[in-house]
Amino acid sequence: MKTLSLSLLLGLSFYLLFAPLTYSASPSETTITVRVDQPGVVPTQFGIFFEDINYGGDGGLYPERVKNRSFEFTDPLMGWTRLTRGDAQGTLSVRRESPLNTNNLHYLRIQVDQPGTGIGLANEGFFGMGVRDHQSFTFSVYARSLEANPPRILVELEDEEGHILAQGKLDGVTHDWKRHSCVLRSRGAHPKAHLNLLVQGSGVIELDMVSLFPKDTWKNRPNGLRPDVVQLLADLKPAFMRFPGGCIVEGRDLSKRYQWKTTIGDLAERKLIINRWNDEFKHRPAPDYFQSFGLGFFEFFQLCEDIGAEPLPILNCGMACQFNTGELVPLDRLGPYIQDALDLIEFANGPVSSTWGARRAAMGHPAPFRMRLLGVGNEQWGPQYIERYTRFAEVLKAKHPEILLVSSAGPRPNDELYDFLWPKLRELNADIVDEHCYDRPAWFLDNAFRYDGFERKGPKVFMGEYAAQSVKVVSPENRNNWECALAEAAFMTGLERNADVVTMSSYAPLSGHEEGWQWRPNLVWFDNLQAYGTPSYYVQQLFCVHRGTAILPIQVQGQPPPSSTQPGLYASANYDGLTGEVILKVVNSAPESRTAQFQLTGAKQIARSGTVIVLTTDNLTDENSLQAPRKVAPVSRRLPQTGASFSYACPPYSMSVLRLRAD
Ligand code: AHR
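Not measured: the values here are computed from a predicted model.

Asker: Can you lay out the packing of aromatic side chains for me, pointing to particular residues and giving the numbers?
Answerer: Overall, the coordinates contain 40 aromatic pairs when judged by the stated rule. On the numbers, 5.2 Å between centres and 65 degrees between planes, the contact of Tyr438 with Trp519 is edge-to-face. Placement of Tyr438 in strand β21 (residues 432–439) and of Trp519 in the loop between β24 (511–513) and β25 (524–526) is noted, with a sequence separation of 81 residues between them. On the basis of relative accessible area, Trp519 is assigned to the buried category, the value being 11%. An aromatic cluster of at least three residues, connected via ring pairs, comprises Phe50, Phe243, Tyr258, Trp260, Phe293, Phe297, Phe298, Phe300, Phe301, Phe347, Trp356 and Phe369. In this structure, Arg144 packs its charged tip against the face of Tyr107, placed 5.0 Å from the ring centre. Between the NZ or CZ atom of Arg520 and the centre of the ring of Trp517, over which it lies, the distance is 4.7 Å.

So this is what it looks like as structure tokens:
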């Protein structure tokens, strides 16, 4: 060992005694020692981060098949094309007189001059409409007509070859706006069908909120969510869900910010806005990307409850995205923004006798959602953020001390914005600070020890957005490969070991449509009919599922601390009080197998065999795909010959989770 100064030696001995992980290079063989009799704090909560980016909401989790159902896009006929059958003649126009309501100002008028066999329009859906064989859909539309014999509405689901997969019709349109519906059942499957809507008969008919919604949603709820995507999320067993983002919370300017109150209640009254990812990237334009808010705050809370995730809503704090306009609400006009936060707490937790609690009950959920966490702003920075956070915190802490506030550390984990924010947030005694890390895999391998020396007192860390970028952040060439996932796994052992500081973490973004993405990598990918998890998904799942109830001190000897230039073993250890098992997570970043000798000390007895779950693949460039969704996926097997001391060979480029019963 090199000569060390006295203070360094003193510091090192303190570290060896109290830090949750130590590394030492002295013995020739790697030894991993775990103190089973010293359970510490509860492990980090690994959760998920939802944002409507990459058509993750409209066109994804929210399975409405009709794009621009309310004719409220900037181009009110975007997604629709005119359709004429036989010698039909007439005009289609978008109008505003006597609209459905003041949040839904446009509707379609079809004037039939000569009926032929039908006149109307077709909707292309989101990259087409996914249809399964024998799948049932509810078609619905708001309609009105002043005609004595109002025209009939005929609807068809048609595939790209012109086969009609399903048909339905509606009669009896009245003078006033009224919702009409029928069921369509498909006789065939197609990933890219479209919807034809034709009126048959003469005269004028007006239409709005044209919807084709699958019946087989998550829990079969009307206006429910896409079940295969929700199942993937449920299978992660996330501890919490952050929603609704991300930059969409902020908006490019304040008029486009996310306002939760416009996302609840009657679907026809939810006020659509442009999605801020619509025109964010020149290289991936998405001119038809809007937020219908069919998936709104009530549905988010409900989803959290369904999948056992604690809700973590993030609200705008009076600042538009600082990468765009950075528009600010003057401090003396922040009142309505703070009131939105107070009202949200009441919506989530208030009694049904309260104003907002009654709104929740009216939507079908009288019981409170038991929200405990609330984010003030997304990825904000500068003194402007501190001023606004302070105003929010003063009011919220006075009225709701039970709510933990999440504040922002800016867009990067190590720059002058971060260095400005952290001391200020410490002074303000902030609860939880949200850090964002998008960087190359090497950064994650090099930063697995980032929190070992972190200040223990003061705010906790929420590693709220992170993902290894195979090329660079926002590059369209980024891949969800095993190299990235492995680096994230190594990094996450560091989050877990430091659970006393890093109390929460979530990968970002959550999901992307194979044809509609703006940002990659993502945790989950889907097309119109299928969805799959990436290697990063399985890393997250291993940490979520094998979380246990307390972290255990761990020491790795026989190798220097691994890094991007010096591959090796990264490790963390937990105890699961529910099953009585020790959980060891070991990530081998080396291209060859590495054997470690495990020493489990302080237990009366350790089982002679256990289980090991291994996530690995031969090539760092391997990915999952729609065609091979489990190419990189965990494999479980019995682990023989364990005990208080045993050896285990960590496969090349692998993550292993070892579970052993211990008394
Ligand atoms: O996850 C994608 C984006 O990255 C988020 O919207 C934003 O918070 C961050 O910059």
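Structure shown, so let's carry the discussion forward.
Asker: Outline the site of the ligand, listing residues and values.
Answerer: Around the ligand sit Glu51, Gly246, Cys247, Trp277, Asn378, Glu379, His436, Tyr438, Glu465, Pro509 and Trp519, and that is every residue in its neighbourhood. In this structure, Cys247 approaches the ligand through a main-chain N or O atom, which is 2.8 Å from an oxygen atom. Here the ligand has 280 Å² of accessible area as a free molecule, and 96% of this is covered by the chains.

Asker: Give me the packing of helix α3 (residues 297–307) against helix α4 (residues 335–349): which residues, what numbers.
Answerer: Remark: α3 packs on α4, axes separated minimally by 11 Å, with the N-to-C direction vectors making an angle of 50 degrees. Classed by the angle they form, the pair α3 and α4 counts as oblique. Crossing handedness for the pair α3 and α4: right-handed. Residues Phe297, Phe298 and Phe301 of α3 form the contact with α4, whose participating residues are Leu344, Phe347 and Ala348. The residue inventory of the contact of α3 with α4, partitioned by class, reads 6 nonpolar, no polar and no charged.

Asker: Can you tell me about unusual backbone geometry, naming the residues and giving the values?
Answerer: What is expected of a backbone is that most residues other than glycine have negative phi and most peptide bonds are trans. At the junction of Phe243 and Pro244, the peptide bond is cis and its omega measures out at 0 degrees in the coordinates. If you trace the backbone, Pro244 turns up in the loop between β15 (240–243) and β16 (273–274). Positive phi outside glycine occurs at Asn68, with the angle close to 60 degrees. In this fold, Asn68 is placed in the loop between β3 (45–49) and β4 (80–85). Overall, Asn68 belongs to the buried group, its relative accessible area being 3%.

Asker: Go over the domain arrangement of the protein chain with me, naming the residues and quoting the values.
Answerer: Its domain assignment divides the protein chain into domain 1 (80–214) and domain 2 (223–271 + 293–511). Between domain 1 and domain 2, the C-alpha centre-to-centre distance is 39 Å. Contacts between the two partners involve 8 residues from domain 1, matched on the other side by 8 residues from domain 2. Between domain 1 and domain 2, the buried area comes to about 600 Å², and carbon and sulfur atoms account for 49% of it. Where domain 1 meets domain 2, there are 0 salt bridges. Residue composition of the side of domain 1 that touches domain 2, by class: 4 nonpolar, 3 polar and 1 charged.

Asker: An account of the sheet that holds strand β19 (residues 373–376) is requested, with residue identities and associated values reported.
Answerer: The parallel closed barrel is built from 8 strands, whose spatial order is β3-β15-β18-β19-β20-β21-β22-β23. Shown here is a sheet whose adjacent strand axes are inclined to one another by a mean of 25 degrees, direction ignored. Alignment of β3 against strand β23 (residues 502–507), held across 4 bridges, turns out to be parallel. What sits directly across from Gln45, in β23, is Met504. Packed onto the sheet, helix α10 (residues 535–545) meets β3, β22 (460–468) and β23 and runs at close to 140 degrees relative to β3.

Asker: Requested: an account of the pairing of β3, with residues and values cited.
Answerer: The element β3 is extensively covered by neighbouring structure, given that 5 of its 5 residues are classed as buried. Sheet analysis places β3 next to β15, joined by 2 bridges and oriented parallel. Paired with Ile48 across the bridge in β15 is Met241.

Asker: Outline helix α7 (residues 416–427), listing residues and values.
Answerer: An ideal rise of 1.5 Å per residue puts 16 Å on 12 residues; α7 measures up with 17 Å between its terminal C-alpha atoms. Along α7, the positions that sit buried rather than exposed are Leu417, Tyr418, Leu421, Trp422 and Leu425. On an axial view of α7, the arc spanned by its buried residues comes to 120 degrees, and they lie on one face. Of the exposed residues in α7, those oriented more than 90 degrees away from the buried face are Glu416, Asp419 and Glu427. Tucked inside the fold, the buried residues of α7 contact α6 (382–399), β20 (404–408), β21 and β22. For α7, the side-chain oxygen to backbone nitrogen distance between the N-cap and Leu417 is 3.2 Å, and the N-cap itself is Asp415.

Rules behind the numbers
Residues numbered from 1 in each chain as written. Predicted model: local features only at pLDDT ≥ 70, side-chain atom pairs only at ≥ 80, totals over all residues. Heavy atoms only, no water. Phe/Tyr/Trp six-rings, centres within 6.5 Å; stacked < 30°, edge-to-face > 60°. Helix = DSSP H or I, 4+ residues; strand = E, 2+ residues; numbered from the N terminus. Buried < 20%, exposed > 50% of the residue type's maximum accessible area, 1.4 Å probe, protein only. Lys NZ or Arg CZ within 6 Å of the ring centre and 35° of its normal. Near = heavy atom within 4 Å. Polar contact = N/O pair within 3.5 Å; in protein donor to acceptor, adjacent residues only side chain to side chain. Areas by Shrake-Rupley, 256 points an atom, 1.4 Å probe, with all protein chains shown as cover. Axes fitted to C-alpha atoms, helices over the stretch in contact; angles between N-to-C directions. Parallel < 35°, antiparallel > 145°, perpendicular 65-115°, else oblique. Left-handed = near helix turned anticlockwise from the far one by under 90°. Contact = heavy atoms within 4.5 Å. Nonpolar A, V, L, I, M, F, W, Y, C, P; charged D, E, K, R; others polar. Domains from an automatic or database assignment. Buried area = accessible area lost by both parts, 1.4 Å probe. Salt bridge = Lys/Arg side-chain N within 4 Å of Asp/Glu carboxyl O. Pairing = 2+ DSSP bridges. Expected span 1.5 Å × (residues − 1). Arc of directions from axis to C-beta.

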